Amino acid sequence: MISVQIPFAEMDFTYARSRGPGGQNVNRTNSAAILRWNLWQSQVLSSEVKEKLALKLHGKLTEEGDLIIRSDVHRDQDQNRSECIRRLHETLRKALFVPKKRVATKPTKSSVRKRLESKKQHSEIKSLRQKVRT
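Note that the structure is predicted; figures quoted are calculated from it, not measured.

### Some words on the packing of aromatic side chains
Evaluated as defined, the whole model comprises two aromatic pairs. Both rings, one in Phe13 and one in Tyr15, keep their centres 6.5 Å apart while their planes meet at 10°; by these two values the pair is stacked. Note on Tyr15: relative accessible area 31%, which makes it partly exposed. Grouped by ring-pair contacts, the aromatic residues Phe8, Phe13 and Tyr15 constitute a single cluster.

Encoded structure:
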């Protein structure tokens, strides 16, 4: 797995009115943070990683290659900014995750024997339910 740490300078923040908690205060303050990060202009990612991210995140990227993350979970602008950064790193980590290849294994002789015995018992139980023919 590739670990990516995006520098703060590459992140563009704007702030808006929040839809989250805060009562009447949300009508007066811009506490929601909106993070905009451009995949193609990033200096820390190689071109192969950019291509991989573009494939995995194609539904979340704008036409210009921007990933937009909004957070209005908290009442505080700084906490919402931190939440945006956390979600950006989480999104990139999930997109770059490569699952381990599954190695096919052969079932053991005892497991095959147990399975066949179980099937035989089940078959016998069902045959006993049938009507007796004379």
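### A short note on the pattern of salt bridges
This structure, assessed with the given rule, holds six salt bridges. Of the charged contacts in the structure, one is a salt bridge between Asp78 and Arg81, with a shortest N-O distance of 3.0 Å. Note that Asp78 and Arg81 are positioned in helix H2 (residues 77–95) at a spacing of three residues, about one turn of the helix. When its relative accessible area of 41% is taken as the criterion, Asp78 is described as partly exposed.

### Structural notes on the nonpolar core
Ranked by size, the top nonpolar core spans 22 residues in total, and within it Trp37, Leu53, Leu88 and Leu92 carry the most contacts. The element that contributes the greatest number of residues to this core is H2, accounting for five residues. With residues near it in sequence (within four places) discarded, Leu53 still touches Leu39, Leu45, Leu92, Ala95 and Leu96.

### Focus on the environment of Leu96
On the secondary structure map, Leu96 appears in the loop between H2 and helix H3 (109–129). The class of Leu96 is buried, set by a relative accessible area of 1%. Separated by 47 residues in sequence, Leu96 and Val49 have C-alpha atoms that sit 8.1 Å apart.

### Quick look at helix H1 (residues 47–56)
Every buried residue of H1 is accounted for by Val49, Lys50, Leu53 and Ala54. Considered in projection along H1, the buried side chains sweep an arc of 140° and stay on one side of the axis. Of the residues in H1, the exposed ones pointing more than 90 degrees away from the buried face are Glu48 and Leu55. Where the residues of H1 are buried, they touch H2.

### Re the side chain of Thr91
Of note, Thr91 is situated in helix H2. We classify Thr91 as buried; its relative accessible area is 16%. Excluding residues within four positions of it along the chain, Thr91 makes contact with Leu57, Lys60 and Leu67.

The rules behind the values
Residues numbered from 1 in each chain as written. Predicted model: local features only at pLDDT ≥ 70, side-chain atom pairs only at ≥ 80, totals over all residues. Heavy atoms only, no water. Phe/Tyr/Trp six-rings, centres within 6.5 Å; stacked < 30°, edge-to-face > 60°. Buried < 20%, exposed > 50% of the residue type's maximum accessible area, 1.4 Å probe, protein only. Salt bridge = Lys/Arg side-chain N within 4 Å of Asp/Glu carboxyl O. Helix = DSSP H or I, 4+ residues; strand = E, 2+ residues; numbered from the N terminus. Core = buried A, V, L, I, M, F, W, Y, C linked by side-chain atoms within 4.5 Å. Contact = heavy atoms within 4.5 Å. Arc of directions from axis to C-beta.

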